[in-house]
Amino acid sequence: MKGSDLLVAALENEGVDRIFGVPGEENLDVVESLRRSSIEFVVTRHEQPAAFLAATYGRLTGKPGVALSTLGPGALNFVTGAAYGFLGGMPMVLITGQKAIRQSRQAHFQIVDVVAAMRPLTKQSQQIVSASSIPTLVRNAFRIAAEERPGPVHLELPEDVAAEEAGDAPLVPAHAAELPVPSPEAIKHASDLILAAKFPLLMFGAGASRPQLAPALSDFVRHVRIPFFNTQMGKGAVGGASDFYLGTAALSERDYVHKAIDRADLIVTIGHETVEKPPFLMSQGRHQVIHVGFVSATVEEVYFPQAEVIGDIAKGLDLLAGQLEGRLKTNPDWAVLRKDILDHITDRAEEDRFPLTPQRIVHDVRQVMPPDGIVALDNGMYKIWFARNYRTDVANTLLLDNALATMGAGLPSGMMAALLYPQRRVLVVAGDGGFMMNSQELETARRMKLNLVVLIIEDHAYGMIRWKQAVDGFADWGLTFDNPDFVAYAAAYGARGRRVTTASGLAPALEEAFSAGGLHLITVPIDYSENIRVLVDELRHMQD
């Protein structure tokens, strides 16, 4: 058995069923070994979306996704995807090729130090120098990628090691890793602080969106009956239909949900990871904060909790609920504040203006998506509107990136969701700027026969930066562009395209696309004047 065969056998041993990527000369041995394996190799049209696909697999399953590239330029195209998984806490294993390391017949042609380039963007980056070490290194890569805090691991396989005879190198059995249980002292200290608070408030962050956590989080809210809000990436950790839901912190301050944050004298953050844009800004003497997490808090200028409960979040919350259940009374002021917050957020959601307002787009998408339907967002101004206005009842049904916050990830993210959940409705929402960054993957989606609807929000500009440009008082310059005919563009890829031309046309267009099945591209123009009216003028007036 040669090194590439052993690598593929080790991947099968980890339960890998698909690998995404673009092969090259230096990993043809691996491609041949994959051909004879049980693993499906999904060829993408660029390495970056292959990494996004692998990261989203990790995000939705808790198990590392795998992506493959060749050396040099192909490997470096993984960099953004690695950072996406690293900041977003998504387990993944990136495998790249390299020239032979025992000879140098092509000098430095295409050779860059990919291991060093990946080191600051991964939990571990390592070159494989011996075929016999492959089983150990693969097992270790998957273990490191999946353990808290999850993220990417990079393995570089030189072509001579891939072709080398490995001899008798047994595979390493996988085993589940147990998380430590928070200490009784930490539970007691946290419960004492909560019981002493007049206005305790819960916040669910990105780390609360781990696939296995949803039941425990909902049970905790039901038992302790403390109002909660969430960060953008914590959205859906507990269903937004709960009577205790106060909203989503899509901005760092001065939004309507910050009325509740300002009222609180104690905030219990659950799974908060400071890679997200801050959901609130701590300051001395403002309120106390308890950090509940898999790992200790990262202390920042705006986040310095006074108490921590560290370990298995589900078990920790169960122990904490045992100390609190039946001992807390919900302050009636929360109900009044909740109604005020949610009324403001839903304002003008059914307005008939055309082009459509962001509120109307979010409203109409919510109408056609069932509770378990998945919306995968790219990055743009619309992300703030979906974070604020879109109500979620099921965990991981609004996939957005508020960590690296990169454009171009929305389509691959939605593709992976459609691949994992073929019976559920999956919608990609992307701006015209972000969509075009990886639009070539429409061909991959069609080849994979995915049922997927892509909604392009069209404003012919990099809209979020244009908004910031206006807010900061700069001239409107340098951020606009032209677009292709998206209906014709869809047809060129074998998809069905449609343009929304009336205010009432979006919901029926989405419904017809989902009912028909297959790959659809729908484009809708947006009126972004609401950005200034709501997110600047209205919120400034509220603050005054």
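The paragraphs below set out a description of the structure included in this document.

Rules behind the numbers
- Residues numbered from 1 in each chain as written.
- Predicted model: local features only at pLDDT ≥ 70, side-chain atom pairs only at ≥ 80, totals over all residues.
- Heavy atoms only, no water.
- Helix = DSSP H or I, 4+ residues; strand = E, 2+ residues; numbered from the N terminus.
- Rg over C-alpha atoms; globule rule 2.2 N^0.38 Å.
- Buried < 20%, exposed > 50% of the residue type's maximum accessible area, 1.4 Å probe, protein only.
- Contact = heavy atoms within 4.5 Å.
- Areas by Shrake-Rupley, 256 points an atom, 1.4 Å probe, with all protein chains shown as cover.
- Lys, Arg positive; Asp, Glu negative; His and termini not counted.
- Charge placed at Lys NZ, Arg CZ, Asp CG, Glu CD.
- Arc of directions from axis to C-beta.
- Pairing = 2+ DSSP bridges.
- Axes fitted to C-alpha atoms, helices over the stretch in contact; angles between N-to-C directions.
- Right-handed = clockwise from strand over helix to strand, strands pointing away.
- Phe/Tyr/Trp six-rings, centres within 6.5 Å; stacked < 30°, edge-to-face > 60°.
- Lys NZ or Arg CZ within 6 Å of the ring centre and 35° of its normal.
- Salt bridge = Lys/Arg side-chain N within 4 Å of Asp/Glu carboxyl O.

## Topic: the overall build of the chain
The helix and strand inventory of the chain stands at 22 helices and 18 strands. Taken over the C-alpha trace, the chain has a radius of gyration of 24 Å; the compact-globule value for 544 residues is 24 Å, and the two agree within 12%. Viewed in the frame of its principal axes, the chain has a C-alpha envelope of about 70 × 60 × 45 Å. Going through the 544 residues of the chain one by one, you find that 58% of them count as buried. Pairs at least 24 residues apart make up 75% of the contacts formed inside the chain by residues separated by at least 6 positions. For the chain, the accessible area works out to roughly 21400 Å², and carbon and sulfur atoms hold 52% of it. In the chain, 50 positive and 64 negative side-chain charges are present, and the distance between their average locations comes to 3 Å.

## Digging into the side chain of His272
Position of His272 among the secondary structure elements: in the loop between strand E10 (266-270) and strand E11 (288-293). In contact with His272, not counting residues within four places along its chain, are Met203, Gly205, Thr231, Pro279, His291 and Tyr303.

## Remarks on helix H21 (residues 506-516)
Residues separated by three or four positions in an α-helix point in the same direction, a consequence of the helix having 3.6 residues per turn. Turning to H21, its buried residues are Leu506, Ala509, Leu510, Ala513 and Phe514. Viewed along the axis of H21, the buried residues span an arc of 130°, placing them on a single side of the element. Buried-residue contacts for H21 involve helix H14 (358-368), strand E15 (426-431), strand E16 (452-458), strand E17 (496-499) and strand E18 (519-525). Just downstream of H21, Gly517 is the residue with a positive phi angle, here 80°.

## Structural notes on the sheet that holds strand E7 (residues 200-204)
Sheet architecture is open: six strands sit in the order E9-E8-E7-E10-E11-E12, paired in parallel fashion. Because the sheet does not close on itself, it has two edges, and the strands there are strand E9 (245-248) and strand E12 (307-310). For this sheet, the mean inter-axis angle between neighbouring strands, taken without regard to orientation, is 20°. Judged from the five bridges that link them, E10 and E11 form a sheet pairing that is parallel. What sits directly across from Val268, in E11, is Ile290. Its contacts with the sheet put helix H9 (residues 184-196) on E7, E10, E11 and E12, and the angle it makes with E12 is roughly 135°.

## Some thoughts on the pairing of strand E13 (residues 374-377)
Burial along E13 is two-sided: Ile374 and Ala376 facing one way and Val375 and Leu377 facing the other are all buried. As paired strands, E13 and E15 are joined by four bridges and run parallel to one another. In the strand pairing of E15, Ile374 is matched with Val426. A crossover connection joins E13 to the parallel strand E14 (residues 398-399) through helix H15 (residues 381-389); in handedness this β-α-β unit is right-handed.

## Overview of the packing of aromatic side chains
Tallied over the full model, the rule gives ten aromatic pairs. Considering the side-chain rings of Phe52 and Tyr84, the 4.9 Å spacing of their centres and the 70° angle between planes classify their relative orientation as edge-to-face. Residue Phe52 is found in helix H3 (residues 47-61), and its partner Tyr84 is found in helix H5 (residues 79-88); the two are separated by 32 residues along the sequence. For the pair shown, Phe52 and Tyr84 are each scored as buried. Between the aromatic rings of Phe199 and Trp334, the centroid separation amounts to 5.9 Å while the plane-to-plane angle is 85°, which identifies the pairing as edge-to-face. Linking Phe199 in the loop between H9 and E7 with Trp334 in helix H13 (residues 333-345), this pair joins segments that are 135 residues apart in sequence. When its relative accessible area of 16% is taken as the criterion, Phe199 is described as buried. You can call Trp334 buried: its relative accessible area is 4%. Of note, Arg424 hangs over the ring of Tyr421, and the distance from its end group to the ring centre comes to 4.4 Å.

## Regarding the environment of Val289
Checked against the element boundaries, Val289 lands in strand E11. Overall, Val289 belongs to the buried group, its relative accessible area being 1%. Separated by 224 residues in the primary sequence, Val289 and Gly65 have C-alpha atoms spaced 34 Å apart. For Val289, the residues in contact, after removing those within four places along its chain, are Leu266, Ile267, Thr269, Phe280, Met282, Tyr303, Pro305, Gln306 and Ala307.

## Remarks on the pattern of salt bridges
With the rule as written, the count across this model stands at 33 salt bridges. The salt bridge involving Lys188 is made with Asp192; its shortest N-O contact spans 2.8 Å. One end of the pair, Lys188, and the other, Asp192, are both in helix H9, four residues apart, so they sit about a helical turn from each other. On the basis of relative accessible area, Asp192 is assigned to the partly exposed category, the value being 36%. Of the charged contacts in the structure, one is a salt bridge between Arg353 and Glu351, with a shortest N-O distance of 3.1 Å. What makes Arg353 partly exposed here is its relative accessible area of 23%. Sharing partners across several salt bridges, the network here consists of Glu351, Arg353, Asp527, Glu530 and Arg533.

## Some remarks on unusual backbone geometry
Cis geometry is found at the peptide bond from Glu148 to Arg149, where omega equals -10°. On the secondary structure map, Arg149 appears in the loop between helix H7 (134-146) and strand E6 (152-158). For the peptide bond that leads from Phe354 to Pro355, omega is 0°, which places it in the cis range. If you trace the backbone, Pro355 turns up in the loop between H13 and H14. With phi around 65°, Arg348 is a residue other than glycine that occupies positive phi space. The topology assignment puts Arg348 in the loop between H13 and H14. Arg348 gets classed as partly exposed once you look at its relative accessible area, which sits at 34%. Residues other than glycine seldom take positive phi values, yet Asn396 does so here, at roughly 55°. Mapping Asn396 onto the fold places it in the loop between H15 and E14. Taking relative accessible area as the criterion, Asn396 reaches 11% and is therefore assigned buried.

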